Amino acid sequence: MVTVVGSAAGPSAPRAVAVENGLARTPAMGFNNWNATHCRAEFNEQMVSQIADLFVARGLKDAGYTYVNLDDCWALPARNAAGNLVPDPARFPSGIKAVADYVHAKGLKFGIYTSAGTKTCNELGFPGGINHEQQDANLFASWGVDYLKYDNCGDHLGQSAQERYTKMRDALAATGRPILFSICEWGQNAPWDWAQPVGNSWRTTGDISDNWASMLGIFKANVGLAHHAQRGGWNDPDMLEVGNGGMTATEYRSHFTLWAMMNAPLLIGADLRGASQETFDILTNRDVIALDQDGLGVQAGEITGANGLHVLTKPLDNGDVAVALFNETGATATIGTTAAAAGLRNATSFSLRELWTKAVTTSTGTISASVPAHATVVYRVSRAGTFTAPPAGTTPVSALPASLSASAWGPVEIDRSNGERAGGDGRTLTIGGTTYARGLGVHARSEVRYYLGGRCTSFQAWTGLDDETGTEGSVSLEVWGNGSLLASSGVVHGTDAAKRVTANVTGLQYVHLAALPTVDGSRYDHADWADATITCT
């Protein structure tokens, strides 16, 4: 149950943070043929049905892979007399609906491709979807399509990216069929700033190639965009190259780990009909997949990348934190951090489980490994030892030790607003002209967690954007517990008065406070949990 109590001006219902289609609450997992086949003749309905068979037979479906997707070249180069797209009868003699039906019969979902312009990207120039949005969406829905990749090629006819992609969003919604919407405009128009309410994912870069330099460059472009991703809307650094032969097994494990840490859609790009056991072992590592599919939906942030030695941290729904130590250099190196730097607090010791070797070690706070060239060591770090729970009565959360504390810019501030840089650089917490002596100042996307030990009954706070942002910004503040949304402010803007949010936390081990970017990205999102308190027995 979601509880939102409005400001003195009256209650307000929550509004959507991400696109309102209920899909991709975790990143999509599946297959796309392009990286393996491009437009060659082996891309056909036999290949698609055989991939669906392998999803079931080789454990990919059980590991979470769901979508079997077509890319470019599935259609004829011209629409028919009615203006409809026509499947290529040489590639798909049974038609697209029959292929979709076969995929669905396997308990899987089916995806298709077109472009937000006059032509698709292949040099043969297949017809794109611009000014045919509703016609194409209706056709896709009639075929049983569950996923649309919408590319960025062809003449855009003077329409902006946001306009073109929003038109297709609306057309898909009008069909009444749930169709995941994958925006593929290559990051050219900063989609992370506007695409949250438009699509379920948005490409942040150009196309990936099956080599180390390409993978590394895309990782570096995508990793800094973590604060824009959220449940239902993900940064997309393009499909996986694992198994295509251009990188070593070590490099593919790094590729897969980094994509999982960054909450990327995991779309297999290899022809699985000829894939090695090593490829299947990488693609079905459930411990690594679990990082990508974690219900909290936080993309990993990078603590450091100095000298090619990278440390990424990712908070997880059960209170653990994933820590990836990635070595982009050509020589073995020791890479390390601490539990505190990874955002883990309120514990005296930690258990570290390495997700490729499955080795388990313990630490009082140091997280370190000797990492070979181009390799990644990834730990799931759990708190152990003694935890501190809140005392009886009502206590300001700013007086409690957080078990997890993360903010997009600058640290989570105690009794101050978020100044985006060093600790203590904020101001007095102020929302709608009202000042507050206690509370937390954060910058979306932010996650703060407190251990309750099952002893508490309620959380309450005044929420909103700090007045230091002026009229700018928009954010949604949410209270989570036991994997469920307990309360939300809805979308609040820089001009809004504070909104009172209360949540029933009876019996919960943790309460989790999230501040999420919304329709205008994360700019100016200095959010406050003002006068936030926990009541315990």
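Located above this text is the structure these notes cover.
This report concerns the structure included in the present document.

Calculation rules
- Residues numbered from 1 in each chain as written.
- Predicted model: local features only at pLDDT ≥ 70, side-chain atom pairs only at ≥ 80, totals over all residues.
- Heavy atoms only, no water.
- Salt bridge = Lys/Arg side-chain N within 4 Å of Asp/Glu carboxyl O.
- Buried < 20%, exposed > 50% of the residue type's maximum accessible area, 1.4 Å probe, protein only.
- Helix = DSSP H or I, 4+ residues; strand = E, 2+ residues; numbered from the N terminus.
- Polar contact = N/O pair within 3.5 Å; in protein donor to acceptor, adjacent residues only side chain to side chain.
- Contact = heavy atoms within 4.5 Å.
- Axes fitted to C-alpha atoms, helices over the stretch in contact; angles between N-to-C directions.
- Parallel < 35°, antiparallel > 145°, perpendicular 65-115°, else oblique.
- Nonpolar A, V, L, I, M, F, W, Y, C, P; charged D, E, K, R; others polar.
- Pairing = 2+ DSSP bridges.
- Core = buried A, V, L, I, M, F, W, Y, C linked by side-chain atoms within 4.5 Å.
- Left-handed = near helix turned anticlockwise from the far one by under 90°.
- Disulfide = S-S within 2.5 Å.

1. Comments concerning the pattern of salt bridges
Applying the stated rule across the entire model yields 20 salt bridges. Its salt-bridge partner being Asp 88, residue Arg 91 comes within 3.8 Å of it at the nearest N-O pair. Each member of the pair, Arg 91 as well as Asp 88, carries the same accessibility label: buried. The shortest N-O distance in the salt bridge between Asp 207 and Arg 203 comes to 2.7 Å. In this structure, a network of salt bridges that share partners links the residues Arg 203, Asp 207 and Asp 238.

2. A look at the side chain of Thr 376
Following the sequence through the fold, Thr 376 ends up in strand E16 (residues 376-384). Within the structure, the side chain of Thr 376 is placed 2.8 Å from the side chain of Ser 254, a separation counted as a polar contact. In contact with Thr 376, other than residues within four places in its own chain, are Ser 254, Thr 257, Ala 324, Leu 325, Phe 326, Glu 354, Trp 356 and Val 371.

3. So, the environment of Tyr 451
With respect to the secondary-structure elements, Tyr 451 resides in strand E23 (residues 446-451). Spatially, the C-alpha atom of Tyr 451 lies 4.6 Å from that of Tyr 510, the residues being 59 residues apart in sequence. Discounting chain neighbours no more than four positions away, the residues touching Tyr 451 are Asn 346, Arg 383, Phe 387, Thr 388, Ala 389, Pro 390, Ser 403, Gln 509 and Tyr 510.

4. What to know about the packing of helix H2 (residues 45-57) against helix H4 (residues 96-105)
Orientation of H2 relative to H4, taken along the N-to-C sense of each, is 10°, at an axis distance of 9 Å. Relative to H4, the element H2 lies roughly parallel. Between H2, through Glu 45, Val 48, Ser 49, Ala 52 and Asp 53, and H4, the contact on the second element is made entirely by Val 99, Tyr 102 and Val 103. When grouped by side-chain class, the residues that make up the contact of H2 with H4 number five nonpolar, one polar and two charged.

5. What to know about the pairing of strand E25 (residues 474-481)
Taken across its eight residues, E25 has eight buried, putting it largely inside the fold. As defined by bridge partners, E25 adjoins strand E26 (residues 484-493) across seven bridges and the pair is classed as antiparallel. Looking at the pairing, Glu 478 lines up with Ser 488 of E26. Counting the residues that bridge the hairpin from E25 to E26 gives two residues, and of these Asn 482 lies at a positive phi of roughly 55°.

6. Comments concerning the nonpolar core
Ranked by internal contacts, the top residues of the largest apolar core, which has 101 residues, are Phe 55, Tyr 65, Trp 74, Phe 256, Trp 259 and Leu 272. Beyond its immediate sequence surroundings of up to four residues, Phe 55 is in contact with Gly 30, Phe 31, Leu 60, Lys 61, Tyr 65, Thr 66, Tyr 67, Val 68, Leu 108, Ile 268 and Leu 272. Within the second largest apolar cluster, 32 residues are counted, among which are Val 397, Leu 400, Leu 440 and Val 501.

7. A look at the sheet that holds E23
In space, the five strands of this open sheet follow the order E18-E23-E28-E25-E26, with antiparallel pairing throughout. With one partner strand each, in any of the chains shown, strand E18 (404-407) and E26 form the two edges of the open sheet. Sheet twist, expressed as the average angle between the axes of neighbouring strands with direction ignored, equals 10°. The sheet contact formed by E18 and E23 spans four bridges and is antiparallel. In the sheet register, Leu 404 faces E23, and the bridge partner there is Arg 449.

8. Quick look at the pairing of strand E9 (residues 301-304)
Examined bridge by bridge, E9 and strand E10 (residues 309-315) share three bridges and lie antiparallel to one another. Counterpart to Glu 302 in the pairing with E10 is Leu 312. Hairpin connection from E9 to E10: four residues lie between these consecutive antiparallel strands, with Asn 307 at a positive phi of about 60°.

9. Considerations on the packing of helix H7 (residues 212-223) against helix H8 (residues 249-261)
Following both chains from N to C, one finds H7 and H8 inclined at 20°, their axes separated by 11 Å at the closest point. If you check the angle between H7 and H8, you find them roughly parallel. H7 and H8 meet at a crossing whose hand is left-handed. Contacts between H7 and H8 pair Trp 212, Met 215, Ile 218 and Phe 219 from the former with Glu 251, His 255, Leu 258 and Trp 259 from the latter.

10. Structural notes on the sheet that holds E16
One open sheet holds the six strands; their spatial order is E9-E10-E11-E16-E13-E14, and the pairing between them is antiparallel. Both outer strands of the open sheet, E9 and strand E14 (360-363), are each paired with one neighbouring strand and no more. Shown here is a sheet whose adjacent strand axes are inclined to one another by a mean of 30°, direction ignored. Sheet analysis places strand E13 (residues 349-354) next to E16, joined by six bridges and oriented antiparallel. Looking at the pairing, Arg 353 lines up with Arg 380 of E16. The strands touched by H7 within the sheet are E9, E10 and strand E11 (321-327), with E10 carrying the most contacts at an inclination of about 50°.

11. Section: the state of the cysteines
All chains considered together, the criterion is met by three disulfides. Between the sulfur of Cys 121 and that of Cys 153 lies a disulfide, 1.9 Å long from S to S. Here the S-S torsion is close to 95°, and the disulfide linking Cys 121 with Cys 153 is therefore right-handed. Here Cys 121, found in the loop between strand E3 (109-115) and helix H5 (133-143), pairs with Cys 153, found in the loop between strand E4 (147-151) and helix H6 (161-175); they are 32 residues apart in sequence, far enough to count as distant. Note on Cys 121: relative accessible area 33%, which makes it partly exposed. Disulfide pairing is shown between Cys 456 and Cys 536; the S-S distance is 2.0 Å. In this structure the cystine formed by Cys 456 and Cys 536 twists about its S-S bond by roughly 80°; its chirality is therefore right-handed. Here the residue Cys 456 occupies a position in strand E24 (residues 456-465), and Cys 536 occupies one in strand E29 (residues 526-536), the gap between them amounting to 80 residues. For Cys 536, a relative accessible area of 6% corresponds to the buried category.

12. A short note on the environment of Gly 453
Structurally, the position occupied by Gly 453 is in the loop between E23 and E24. On the accessibility criterion, Gly 453 (24% relative accessible area) is partly exposed. Linking Gly 453 and Ala 141, residues 312 residues apart in sequence, is a C-alpha distance of 48 Å. Aside from chain neighbours lying at most four places away, what touches Gly 453 is Leu 508 and Gln 509.

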